[in-house]
Amino acid sequence: MTDEQEMIEKITKSEYKYGFVTDIETEIAPKGLNEDIIRLISKKKNEPEFMLEWRLKAYRKWLKMKEPHWAFLKYPPIDYQDQYYYAAPKQKKRPKSLDEIDPKIKETFDKLGIPLEEQERLAGVAVDAVMDSVSIATTFKGELEKLGIIFCPISEAIQKYPDLIKKYLGSVVPPGDNFFAALNSAVFSDGSFVYVPKGVRCPMELSTYFRINAANTGQFERTLIIADEGAYVSYLEGCTAPMRDEHQLHAAVVELIAHKDAEIKYSTVQNWYPGDEEGKGGIYNFVTKRGICLGDNSKISWTQVETGSAITWKYPSVILKGDNSEGEFYSVALTNNYQQADTGTKMIHVGKNTRSRIVSKGISAGRSNNSYRGLVKVLPGADNARNFSQCDSLLIGDQCGAHTFPYLEVKNPTAQVEHEATTSKIGEDQIFYLNQRGISTEDAVALVVNGYCKEVFQELPMEFAVEAQKLLEISLEGSVG
Amino acid sequence: MLTIKNLRVAVEGNEILKGINLEIKAGETHAIMGPNGSGKSTLANVLAGKEGYEVLEGEVRFKGKNLLEMPPEERAREGIFLAFQYPVEIPGVSMATFLRTALNAVREHRGEPPVDARTFLNLLREKMQLVEMDEKFLNRSVNEGFSGGEKKRNEILQMAVLDPSLAILDETDSGLDIDALRIVANGVNQLRRKDNAFIVITHYQRLLDYIVPDYVHVLFDGRIVESGDKELALHLEEHGYDWLKKEQTSAQTL
């Protein structure tokens, strides 16, 4: 028996649960973006010269690019000069142990349900906690170091491992890849860096909690994960953000590199502030996530549970370059009230006998719009490539929308591509059946929706699956009349 | 336990129940029989609180409370259980999760603490034996891929777990072969006590050979036109519903 039921019962009827602001003095650079700001960011982070050059080059590319508008999303124009691009909690030195952390910051993590000591002791999860732009604490480092695994803030990796950074940063998502990736490359604040050496299986789930904590501070996280030959790593990313009135811009870039026989599993539970019931406020989330199966027999698996953000623009993708490599995308995207999501994946088959699997579960409630956009591309050399895609949409109420935009480009006749799609409405007879067994309508909807998402949830590590269910329930509150 | 007074119910403007009167006491089992379209399932659904039924007139009191004012989940928590004629499938929701959620909702209403996993599992095992269901069902999704007989047995299992005061069996015998019918009836019989009651809705007398009722009512055109003991069911079996129709027509013309 799992404890999922107890978890379900814990759900409270509340406003956005994580809508609080920690009162820490914040060091903020002036609003707006120019080369001086980029120099400031680079200097604040003690970056080597090559990094500053890299950022400036990205910035100059970005200046020539236009914000994309092909997605099924509507939002007022973003004034990029009206954003802050750097904010850091004021701290003189990096703490050596958890005891040195500002008690208020620790309290914040406690509210988020991730008491660091407890996690360290009980859960076996190494946490690289990011608050605003600077990493505060990194745990379990010692244990990982023994295995030769590097798990640190990317700002630290830039100083300590410049060769790895030069080799891999931007190798999957080049700075000029798209408008938001270019912006991120110019101003990225911090994020995680993971390197797992040859033949090493990372013994614990690596996890990072991102959090926006200063009004109008754009979050530009940058994550880079490399699994060398035969290595394995599972990485968890979870987000919560405090309630804010103004829109907050978020443009992250995540790059994954899997060498021969390596496997990377990347799981996300995304819960950025979605805005209030009238659609006011909420995070704009423009994310570029891409992995490359560089070597033969490698595997990359994305699992995402997206419940937050006012706007979600996100397509975690896999380039299947090595022969026999495998790519997976499991997604639950839930939109409620006035939320809009345009999300999906790209599977690019380059090598022979490459396989990909897409399972997408969209849930729309309120007046929201939820779109799946997916590309399966089979290049001429990808003999016997195989893809299976399943895209399901679930509608709650009659004022929301579900849309599916599948794209297929097959240039090899031996490829096998399958696509299944369903759209269904949550059944009144199902709700009545559960009501008749004493279950409230709210819990009944949560049960049906969780059941619908099961295929994706079971891809998540256990503690994350529980978290994901909680989030779905919170996000659906008030969606059924 | 349950008192229905002059209950008139319409569906989409058509009056289906035209004044039902019924009194059910603890320890009793009432069978409601009648031809198709006589309003049997409507009565079951109205008692359970399904949407789409308009109560035009009348009163239903359950354990002294006004039943018609309560939402369906509250009726269930108060002890009304409907064994569905067509149980629905809920993909991805395991039987165990479903039953535990339901049981804890009912327990909370009774002021009891939630069951812990071990106690719950033991309870389930015990109740599953009652309807001869294999434990492997606990990990399957609710009713998904169940045969007709398995679905009906599952309804009785839920009844056994939730232990209602008043259980309504809506054509539980439909689509069952003789073995499944025996298992279902046997399960129900073991649950009969002095402090609970049953309404058995059926088209055929067959089920009543196994679940022997204290009273039999014949529902015809939205009214209870005949009440008696189990002999009435046998009489119906022999003569069909036609004699009733004739009797009704002649009564109306008089």
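The following paragraphs examine the structure supplied in this document. Values in this document were obtained by computation on a predicted structure and should not be read as measured data.

Things to note about the overall build of chain B
- Counting its secondary structure elements, chain B contains 9 helices and 12 strands.
- Computed over C-alpha atoms, the radius of gyration of chain B comes to 18 Å, within 12% of the 18 Å expected from 2.2 N^0.38 for 254 residues, which places it in the range of a compact globule.
- The dimensions of chain B, computed from C-alpha atoms along their principal axes, are 65 × 40 × 35 Å.
- Looking at the 254 residues of chain B, the share that counts as buried comes to 54%.
- Relative to all contacts within chain B whose residues are 6 or more apart in sequence, the contacts with residues 24 or more apart total 68%.
- The centroid of the 31 positive side-chain charges in chain B is displaced by 3 Å from the centroid of its 40 negative side-chain charges.

Concerning the environment of N21 of chain B
All names here are of chain B.
- With respect to the secondary-structure elements, N21 resides in strand 2 (residues 14-24).
- Residue classification places N21 among the partly exposed positions, given a relative accessible area of 47%.
- Counting along the chain gives 13 residues from N21 to R8, while the straight-line C-alpha distance between them is 9.9 Å.
- At 2.8 Å, the side chain of N21 forms a polar contact with the backbone nitrogen of N6.

Some words on the packing of aromatic side chains
Residue and element names in this part refer to chain A.
- Scanning all chains against the criterion turns up 25 aromatic pairs over all chains.
- Taking 5.6 Å as the distance between ring centres and 45 degrees as the angle between the ring planes, the aromatic pair formed by W70 and Y315 counts as tilted. Highlighted residues: W70 in the loop between helix 3 (49-63) and strand 2 (87-89) and Y315 in the loop between strand 15 (311-314) and strand 16 (317-320), separated in sequence by 245 residues.
- Residue classification places Y315 among the buried positions, given a relative accessible area of 10%.
- By the ring-pair criterion, three or more aromatic residues cluster together here, those being Y59, W62, W70, Y75, Y80, F179, F180, Y284, F286, W313 and Y315.
- Its end group placed over the ring of F405, R373 keeps NZ or CZ at 4.5 Å from the ring centre.

Overview of helix 3 (residues 95-109) of chain B
All names here are of chain B.
- Given a rise of 1.5 Å per residue, 15 residues ought to cover 21 Å, and the 21 Å separating the end C-alpha atoms of helix 3 matches this to within 8%.
- When you tally the buried positions in helix 3, you get 13 out of 15 residues, the bulk of the element.
- G111 lies just past helix 3 and shows a positive phi near 80 degrees.

A look at the sheet that holds strand 4 (residues 54-62) of chain B
All names here are of chain B.
- Pairing in this open sheet of 4 strands is antiparallel, and the strands run 2-1-4-5 from one edge to the other. The open sheet terminates on both sides in strands that have one partner only, identified here as strand 2 and strand 5 (65-66).
- Pairing of strand 1 (residues 2-11) with strand 2, which is carried by 8 bridges, proceeds in the antiparallel orientation. Bridged to R8 within strand 2 is K18.
- Helix 1 (residues 40-48) contacts strand 1, strand 2 and strand 4 of the sheet and is inclined by roughly 110 degrees relative to strand 1.

Side note on the packing of helix 10 (residues 428-435) of chain A against helix 11 (residues 441-452) of chain A
Residues and elements named next belong to chain A.
- Where helix 10 meets helix 11, the closest approach of the two axes is 9 Å, and the angle between their N-to-C directions is 120 degrees. What the angle tells us is that helix 10 and helix 11 run oblique. Here helix 10 and helix 11 pass one another in a crossing that is right-handed. Across from Q430, I431, L434 and N435 in helix 10, the residues of helix 11 making contact are T441, A444, V445, L447 and V448.

Here's the deal with the interface of chain A and chain B
- Counting residues at the interface gives 23 residues for chain A, matched by 37 residues for chain B.
- A buried area of about 2500 Å², summed over both sides, lies between chain A and chain B, and 64% of it is on carbon and sulfur atoms.
- Linking chain A with chain B are 1 salt bridge.
- Between R437 of chain A and E155 of chain B there is a salt bridge, and its shortest N-O distance comes to 2.6 Å.
- Remark: the boundary between chain A and chain B carries 10 residue pairs in polar contact (both at pLDDT 80 or more).
- Those elements that provide at least two residues to the side of chain A that touches chain B are helix 1 (4-10), helix 10 and helix 11 of chain A.
- Of the residues contributing to the side of chain A that touches chain B, the split by class is 8 nonpolar, 9 polar and 6 charged.

Overview of unusual backbone geometry
Residues and elements named next belong to chain B.
- Positive phi outside glycine occurs at K63, with the angle close to 50 degrees.
- One can find K63 in the loop between strand 4 and strand 5.
- Even without being a glycine, D163 presents a positive backbone phi close to 50 degrees.
- Residue position: D163 is located in the loop between helix 5 (148-162) and strand 9 (166-170).

Focus on the pattern of salt bridges
Residues and elements named next belong to chain A.
- Going through the model one piece at a time under the given rule, you end up with 32 salt bridges over all chains.
- A salt bridge links E255 to R222; the shortest N-O distance between them is 2.9 Å. Taken together, the positions of E255 in strand 11 (residues 253-258) and R222 in strand 8 (residues 222-227) put the pair 33 residues apart, joining distant regions of the chain. Taken individually, E255 and R222 each receive the classification buried, so the pair is uniform in this respect.
- Across the salt bridge formed by K289 and E237, the nearest N and O atoms sit 2.9 Å from each other. On the criterion of sequence distance, the pair formed by K289 in strand 13 (residues 283-293) and E237 in strand 9 (residues 232-240) is long-range, its members being 52 residues apart. Accessibility assignment for this pair places K289 and E237 in one class, buried.
- Connected via shared salt-bridge partners are R357, K361, D392 and E455.

Re the sheet that holds strand 12 (residues 223-228) of chain B
Residue and element names in this part refer to chain B.
- The sheet built from 6 strands is open, its strands ordered 6-9-10-3-11-12 with mixed pairing. Each end of this open sheet is capped by a strand with a single partner; those strands are strand 6 (80-83) and strand 12. The sheet shows a mean angle of 20 degrees between the axes of neighbouring strands, direction not considered.
- Two elements, strand 11 (residues 215-220) and strand 12, share 5 bridges in a ladder whose sense is antiparallel. Residue pairing in the sheet places L219 in a bridge with I224 of strand 12.
- The strands that helix 5 touches are strand 6, strand 9 and strand 10 (197-202); relative to strand 6, the one it contacts most, it runs at about 165 degrees.

Observations concerning helix 9 (residues 179-187) of chain A
Residue and element names in this part refer to chain A.
- Burial analysis of helix 9 places 9 of its 9 residues in the buried class, which makes it a mostly covered element.
- The set of residues buried in helix 9 consists of F179, F180, A181, A182, L183, N184, S185, A186 and V187.
- Its side-chain oxygen placed 2.9 Å from the backbone nitrogen of F180, N178 serves as the N-cap of helix 9.

Some remarks on the side chain of S155 of chain A
Residue and element names in this part refer to chain A.
- Mapping S155 onto the fold places it in helix 7 (residues 154-160).
- At 2.8 Å, the side chain of S155 and the side chain of D190 are in polar contact.
- Setting aside its immediate chain neighbours within four residues, S155 contacts K45 and D190.

So, the pairing of strand 9 of chain B
Residues and elements named next belong to chain B.
- Taken across its 5 residues, strand 9 has 5 buried, putting it largely inside the fold.
- Burial of strand 9 is two-sided: the residues L166, I168 and D170 facing one way and the residues A167 and L169 facing the other way are all buried.
- Pairing geometry for strand 6 and strand 9, over 4 bridges, is parallel. Counterpart to A83 in the pairing with strand 9 is L169.

The rules behind these values
- Residues numbered from 1 in each chain as written.
- Chains lettered and ligands numbered in written order.
- Predicted model: local features only at pLDDT ≥ 70, side-chain atom pairs only at ≥ 80, totals over all residues.
- Heavy atoms only, no water.
- Helix = DSSP H or I, 4+ residues; strand = E, 2+ residues; numbered from the N terminus.
- Rg over C-alpha atoms; globule rule 2.2 N^0.38 Å.
- Buried < 20%, exposed > 50% of the residue type's maximum accessible area, 1.4 Å probe, protein only.
- Contact = heavy atoms within 4.5 Å.
- Lys, Arg positive; Asp, Glu negative; His and termini not counted.
- Charge placed at Lys NZ, Arg CZ, Asp CG, Glu CD.
- Polar contact = N/O pair within 3.5 Å; in protein donor to acceptor, adjacent residues only side chain to side chain.
- Phe/Tyr/Trp six-rings, centres within 6.5 Å; stacked < 30°, edge-to-face > 60°.
- Lys NZ or Arg CZ within 6 Å of the ring centre and 35° of its normal.
- Expected span 1.5 Å × (residues − 1).
- Pairing = 2+ DSSP bridges.
- Axes fitted to C-alpha atoms, helices over the stretch in contact; angles between N-to-C directions.
- Parallel < 35°, antiparallel > 145°, perpendicular 65-115°, else oblique.
- Left-handed = near helix turned anticlockwise from the far one by under 90°.
- Buried area = accessible area lost by both parts, 1.4 Å probe.
- Salt bridge = Lys/Arg side-chain N within 4 Å of Asp/Glu carboxyl O.
- Nonpolar A, V, L, I, M, F, W, Y, C, P; charged D, E, K, R; others polar.

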